Amino acid sequence: MARIAPLSGFPEWLPQGRVVEQHVLDVLRHTFELHGFAGIETRAVEPLDQLLRKGETSKEVYVLSRLQDADPAGQRDRGEKQLGLHFDLTVPFARYVLENAGKLAFPFKRYQIQKVWRGERPQEGRFREFTQADIDVVGSGDLPYHYEVEVPLVMAEAFGALREIGLPPVRILVNNRKVAEGFYRGIGLSDVEGVLRQIDKLDKIGHEQVATLLVDQCGASEDQAKACLALAGISGSDTSVIAEVRALAESYGALTELLTTGLAELEALMVAAGRRAPGVVVADLKIARGLDYYTGSVYETVLVGHEQLGSVCSGGRYDTLASDGKNTYPGVGLSVGVSRLVSRLLSGGLVTATRGVPTAVLVAVATEETRPVSDAVAEALRGRGIPCEVAPAPAKFGKQIKYADRRGIPFVWFPGEPGHGPADAPATSGTALVGSVKDIRSGEQLDADATTWEPPAEDLHPRVVPGSGTGQ
RNA sequence: GUGGGUAUAGCUCAGCUGGUAGAGCAUCGCGUUGUGGUCGCGAGGGUCGCGGGUUCAAGUCCCGUUACUCACCCCA
């Protein structure tokens, strides 16, 4: 038999891990809906030319082809478009907005939680198939700035709600493209995109190397490179950063109109964030984002203590999310890397599930003849919303308890009237629902009636709780 | 796409300068025939990633290949 090896970059969790992931997804969805975002799902594939649009560099898109179709050229000749799996949720959403523009009400707020695929080399926290949870607000023609304030605050709230299960604190790092571009142009640099790309490497390769790159690759002078690094060095969680940037720009005579506009926007965001999510949103002027279509706010989110993992939630404002020639649809959005987040929560032991099965009660079986008694008990419990299952075989009770223990099932129900053998109790009689229930963690065993007994609320369903791990 | 490392039981790993495959944990059974977890005893489980080469003999040496893994690029 061929050895089964995991496919790298296509994460699969054990049931307990899935419980954690499902909880994260539930919290995200709940938070998004609390803020009025409507859920949608788009198809997994888009025409290849659509995916490669928007000046996207050679994204490693997975192309779809049928095994039987050995002639993709012939396929194109027949007018069939080549299809690729989407690598994010923004491009499909832009297409969706154009396609349904007539039926949507703008500004349109939507959330979308789906798998995406990227043909990259996998690494810790980097996958080829992973789940993203996006929120975007898209306007028709224009989109007020305050949505650039709202979107990160929604995410801050979602992350805040995950603190109780053991998620570390997050920092949402914010910058504004207008500030960066205004500043660079103000000091005489025109290759804004190139400068951003180099600045983005600051954390990894350090000041000297970035300065060298700016000079060598972006045509900057020593002095201009120094100015860029000075800007990138500014960060803070209150509005003092605004004054700091302004002072720096003035000292270089670089206070452009664009810069002024950007600073006003950034200030509005910091003021609102300071009030609604204190300490979470941090202005960080070195946040660049590689993607070139951002035009206003840009966001990255790191887990405190896990900065090496990279961003777990990124996005920004783009003036032309979509355009049909006549109308343009500006948008602002953020995307949570659910798989990246969950993989760290699990591998770092930060979070665990109390059990991997939904079952709260295992109903023991005494003999195959009396299995109907056990089935009746289970039915009564389920009728009152208590997840339970019936033991697979009338094994020794010790083995049946072990069956429950291995799965984390907290209770075992022994059918039969207290003090009597279960065989005495007819399956259809009311007394068949009487028995005793054992909490296998404490060993405590009490007489109980399946029509009234219920487990403690915290044992009814698997729960997600902080783990013992500290991460790293 | 570029460069390094690794590949032996379900898992974590030993296996020396080549000489017919090992441990711990896990699983199953028994001790304990209707109340688990501890303890003791026992059992099952491996074409040593795959293909070729050198050799009397290859898990071990050589070549190739695939997968995994780390870093770069890039990104959630």
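Throughout what follows, the structure given in this document is the object of discussion. Keep in mind that this is a model prediction, so the values were computed, not measured.

**Considerations on the overall build of chain A**
Consideration 1: A count of helical and extended segments in chain A gives 15 helices and 19 strands.
Consideration 2: Along the first, second and third principal axes, the C-alpha set of chain A runs to 95 × 60 × 50 Å.
Consideration 3: Each of the 472 residues in chain A was classed as buried or not, and the buried ones make up 50%.
Consideration 4: Taking the contacts inside chain A whose residues are at least 6 apart along the sequence as the reference set, 71% of them involve residues at least 24 apart.
Consideration 5: The averaged location of the 61 negative side-chain charges in chain A is 3 Å from the averaged location of its 50 positive side-chain charges.

**Quick word on the sheet that holds strand β15 (residues 388-390)**
Consideration 1: The mixed open sheet is built from 5 strands, whose spatial order is β15-β14-β16-β17-β18. The sheet terminates laterally at β15 and β18 (445-449), the two strands that pair on one side only. Going from strand to strand, the sheet's axes swing by 30° on average, the running direction of each strand aside.
Consideration 2: Direction of pairing for strand β16 (residues 411-415) relative to strand β17 (residues 434-439): antiparallel, over a ladder of 5 bridges. Of the residues in β17, the one forming a bridge with P415 is G435.
Consideration 3: The strands that helix α13 (residues 371-383) touches are β14 (361-363), β15 and β16; relative to β15, the one it contacts most, it runs at about 170°.
Consideration 4: Against the sheet, helix α14 (residues 397-407) engages β14, β15, β16 and β17, with an angle of about 145° to β16.

**Digging into the packing of helix α6 (residues 177-186) against helix α9 (residues 222-232)**
Consideration 1: Where α6 meets α9, the closest approach of the two axes is 10 Å, and the angle between their N-to-C directions is 160°. On the basis of the axis angle, α6 is roughly antiparallel to α9. Pair α6 / α9 crosses with right-handed handedness. Contact with α6, carried on its side by A180, F183 and Y184, involves A227, C228 and L231 of α9 and no other residues of that element.
Consideration 2: Along the lines of polarity and charge, the residues of the contact of α6 with α9 split into 6 nonpolar, no polar and no charged.

**Some remarks on the sheet that holds strand β8 (residues 235-236)**
Consideration 1: What the 9 strands build is an open sheet, ordered β1-β5-β6-β12-β11-β10-β7-β9-β8; its pairing is mixed. For this open sheet the edge positions go to β1 (38-39) and β8, each flanked by a neighbour on one side alone.
Consideration 2: The pairing of strand β11 (residues 313-323) with strand β12 (residues 328-337) spans 8 bridges and is antiparallel. Note that in β12 the partner of S314 across the bridge is S335.
Consideration 3: Here helix α5 (residues 146-161) sits on the sheet and contacts β5 (108-117), β6 (129-138), β7 (170-176), β10 (297-303), β11 and β12; the angle it forms with β12, its principal contact strand, is near 20°.

**Re the pattern of salt bridges**
Consideration 1: For the structure shown, the criterion picks out 17 salt bridges.
Consideration 2: With a closest N to O distance of 2.9 Å, K109 and E150 form a salt bridge. Taken together, the positions of K109 in strand β5 and E150 in helix α5 put the pair 41 residues apart, joining distant regions of the chain.
Consideration 3: For E150, a relative accessible area of 15% corresponds to the buried category.

**A look at the protein's contact with RNA strand B**
Consideration 1: What surrounds RNA strand B is a group of 39 residues, the closest being S8, R118, R126, R289 and R406.
Consideration 2: Among all atoms of RNA strand B positioned within 4 Å of the protein, those belonging to sugar or phosphate total 47%.
Consideration 3: Taking V312, its main chain carries an N or O atom lying 3.5 Å from a sugar or linking oxygen of RNA strand B.
Consideration 4: In the environment of RNA strand B, a sugar or linking oxygen lies 3.3 Å from a nitrogen or oxygen atom belonging to the backbone of G398.
Consideration 5: Every element with two or more residues in the surface near RNA strand B is listed here: β6, β11 and α14.

**Focus on the layout of surface pockets**
Consideration 1: What the second largest pocket holds in volume is close to 300 Å³.
Consideration 2: Considering the residues around the second largest pocket, the lining is formed by 15 residues, among which R18, E21, L25, K115 and T131 are closest to the centre.
Consideration 3: Secondary structure elements with two or more residues in the lining of the second largest pocket: α1 (15-34), β5 and β6.
Consideration 4: The leading source of residues in the lining of the second largest pocket is α1, at 6 residues.
Consideration 5: Looking at the lining of the second largest pocket residue by residue, the classes come out as 5 nonpolar, 3 polar and 7 charged.

**Description of the side chain of R95**
Consideration 1: With respect to the secondary-structure elements, R95 resides in helix α4 (residues 90-99).
Consideration 2: R95 has contacts with T42, R43, E46 and Q50, leaving out every residue within four places of it along the chain.

**Remarks on the environment of S374**
Consideration 1: Inspection of the secondary structure puts S374 in helix α13.
Consideration 2: For the pair S374 and A391, spaced 17 residues apart in the sequence, the C-alpha separation amounts to 8.6 Å.
Consideration 3: The contact partners of S374, leaving out residues within four places of it in the chain, are V363, A364, V365, V390 and P415.
Consideration 4: One polar contact links the side chain of S374 to the main-chain carbonyl oxygen of A364, over a distance of 2.7 Å.

Each value, and the rule that gives it
- Residues numbered from 1 in each chain as written.
- Chains lettered and ligands numbered in written order.
- Predicted model: local features only at pLDDT ≥ 70, side-chain atom pairs only at ≥ 80, totals over all residues.
- Heavy atoms only, no water.
- Helix = DSSP H or I, 4+ residues; strand = E, 2+ residues; numbered from the N terminus.
- Buried < 20%, exposed > 50% of the residue type's maximum accessible area, 1.4 Å probe, protein only.
- Contact = heavy atoms within 4.5 Å.
- Lys, Arg positive; Asp, Glu negative; His and termini not counted.
- Charge placed at Lys NZ, Arg CZ, Asp CG, Glu CD.
- Pairing = 2+ DSSP bridges.
- Axes fitted to C-alpha atoms, helices over the stretch in contact; angles between N-to-C directions.
- Parallel < 35°, antiparallel > 145°, perpendicular 65-115°, else oblique.
- Left-handed = near helix turned anticlockwise from the far one by under 90°.
- Nonpolar A, V, L, I, M, F, W, Y, C, P; charged D, E, K, R; others polar.
- Salt bridge = Lys/Arg side-chain N within 4 Å of Asp/Glu carboxyl O.
- Near = heavy atom within 4 Å.
- Polar contact = N/O pair within 3.5 Å; in protein donor to acceptor, adjacent residues only side chain to side chain.
- 1 Å grid on protein atoms, 1.4 Å probe; cavity = no way out; pocket = protein on both sides within 12 Å on 5 of 7 lines; lining within 4 Å.
- Points joined across faces, edges and corners; volume = space filled by probe spheres on them.

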